[in-house]
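# A structural walkthrough
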Amino acid sequence: MAETAQKTSWTPPQGNSSQFGVDRPATQTAKAQDDGDGGFRPNAGASMLDMEAIGDRKNENSYEWQKKQGIDRSKQVQIVKVSHMRYQHNDLDTMTKFLKDFGMHIVKESEDKERIWWRGYGNDQYVYYAQKGPERKFLGGCFEVESHAELEKATKIPGAGKIEEMTEAPGGGHLLTIHDPAGFPINLIYGQEPAPRGDYPNKIIHNYEVEKPRVRKFNRFTPGPAAVHKLGHYGYCVTNFEEELDFYTKNFNLIPTDFLYVPDESGQNKDVAVFMHVDRGEDPTDHHTLFMAHNPTTHVHHASFEVHDFDTQNLGHQWLGAQGYTSVWGVGRHILGSQIFDYWWDTTGNMIEHYADGDLVNKDTPIGWMHAGDESLAVWGPEVPKWFLD
Ligand SMILES: [Fe+2]
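Residues numbered from 1 in each chain as written. Predicted model: local features only at pLDDT ≥ 70, side-chain atom pairs only at ≥ 80, totals over all residues.

Note that the residue after Gly330, namely Val331, is joined by a cis bond; omega there is 5 degrees. With respect to the secondary-structure elements, Val331 resides in strand 15 (residues 327-334). Positive phi values are uncommon outside glycine, yet Ser338 reaches one of about 60 degrees. With respect to the helices and strands, Ser338 occurs in the loop between strand 15 and strand 16 (340-345). Assessed through the 18 C-beta atoms surrounding it within 10 Å, Ser338 is described here as partly exposed. (Helix = DSSP H or I, 4+ residues; strand = E, 2+ residues; numbered from the N terminus. Buried ≥ 20, exposed ≤ 12 C-beta atoms within 10 Å, placed from the backbone.)

Here the focus is the sheet that holds strand 8 (residues 185-190). Judged by pairing direction, the sheet is mixed, and its eight strands sit side by side in the order 2-3-4-1-5-8-7-6 without closing on themselves. Looking at the sheet topology across the chains shown, the edges are occupied by strand 2 (105-109) and strand 6 (164-165). As judged from the four bridges shared by strand 3 (residues 115-119) and strand 4 (residues 128-132), these two strands associate in the antiparallel manner. The residue of strand 4 that forms the bridge with Trp118 is Tyr128. Sheet strands touched by helix 3 (residues 92-102): strand 1 (79-89), strand 2, strand 3 and strand 4. Its angle to strand 4, the strand with the most contacts, is close to 160 degrees. (Pairing = 2+ DSSP bridges. Contact = placed C-beta atoms within 7 Å. Axes fitted to C-alpha atoms, helices over the stretch in contact; angles between N-to-C directions.)

With that settled, the discussion passes to the environment of Ile178. Following the sequence through the fold, Ile178 ends up in strand 7 (residues 174-179). Judged by the 21 C-beta atoms lying within 10 Å of it, Ile178 falls in the buried class. Sequence separation between Ile178 and Trp65 is 113 residues; the distance between their C-alpha atoms is 25 Å. If we skip the residues at most four places from it in the chain, Ile178 touches Ala154, Ile157, Gly159, Ala160, Gly161 and Ile186.

Here the focus is the pairing of strand 13 (residues 290-294). When you tally the buried positions in strand 13, you get four out of five residues, the bulk of the element. Sheet topology places strand 9 (residues 230-238) next to strand 13; five bridges connect them, and they run parallel. Note on strand 13: the bridge partner recorded for Gly235 is Phe291. In this structure, strand 11 (residues 269-278) lies alongside strand 13, joined through four bridges in antiparallel fashion.

To continue, consider the pairing of strand 14 (residues 299-306). When you tally the buried positions in strand 14, you get six out of eight residues, the bulk of the element. Note: strand 9 against strand 14, seven bridges, orientation antiparallel. Paired with Tyr234 across the strands is Ala303, a residue of strand 14. Here five bridges tie strand 14 to strand 17 (residues 351-356), and the two strands are oriented parallel to one another. Bridge pairing in strand 17 places Phe305 opposite His354.

Let us look at the UniProt feature "domain: VOC" (unreviewed entry) in the protein chain. Per the UniProt record, the feature "domain: VOC" (unreviewed entry) sits at residues 81-191 and 230-357. Between the C-alpha atoms that bound residues 81-191 the distance is 14 Å, and the span itself is 16% helix and 42% strand. Within residues 230-357, the helical portion is 19% and the strand portion 50%, while the C-alpha atoms at the span's ends are 13 Å from each other. (UniProt positions renumbered as here; feature names shortened; annotations may be inferred.)

Below, the structure written as structure tokens:
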């Protein structure tokens, strides 16, 4: 029999977010379809081609879109992938407890215990860097670039600092920090030694109605934290949406996968949010690595880490709940990106997500446009909390 999640006397601190512990107002989620006979069609799912999933909305080749924007691809700094997040916390002990419960493990800790590097089981040296400081601070996501020449190229971007050698971090390498027009740091790394990947979880066999390969094999699970594989994406809310979009799509090989729009006063559709992927040509990449949404205030929205599958995610949700942390929204299924999602507040008031089963895209995936509304967020899951959109 599976053991129940062990409860501890642990009480998370009420961090500096005003959204801790407040009842969540409900909003509307995705709609069912009429069957034309006074009822509703049964729910359905399909894994369909990107072109079909996007449907008959404005459907544009991403390289054509770049041309129209006057983007010179040869001037872009070539990113390979996103590798880790960087944060400052005033209470590292509390965050250490949280990140273990979130499914990461420490790969290195500085002697004075003021800097900690956290691993997943993928092939990144670390997926999360935390340093101790007087206040909560977002130190940006970090992207691996193709070569040292790309790092040097990036020093010409307005807001760029100096290339610095990482003498203490696992795997070393050189890091460059650039501040975007909204003031958010973005970090680029090159020369980090590759890390051996960890142990991968088992693939669970699923039985369908007439296809039941799992004969005399019983599914059994062990409760506990949902082990993190890798960093998937992160994003911001910004007051200067167009300027930010311009900055990221011109300076880096980041391409919009999907836009969300709203009609403006004149009835014209205005883009208010974007999900961007790293352009690796034919090679498949995650549906989004960086996202941005127009908002009355500029702030970080969340960072998201990949876990194995649906069961892992639910077991992880149960574990975080049993430790007394505050759930934001989840478990549910996104529409754009298709991920199964689960959002939590960490112990300093940053939003952090577990995701599984996200979409992959490449250069042939057309850009999609969708109306921005609650129905664009999830096809199933709990009601969307108001502050998810704040
Ligand atoms: Fe996310």
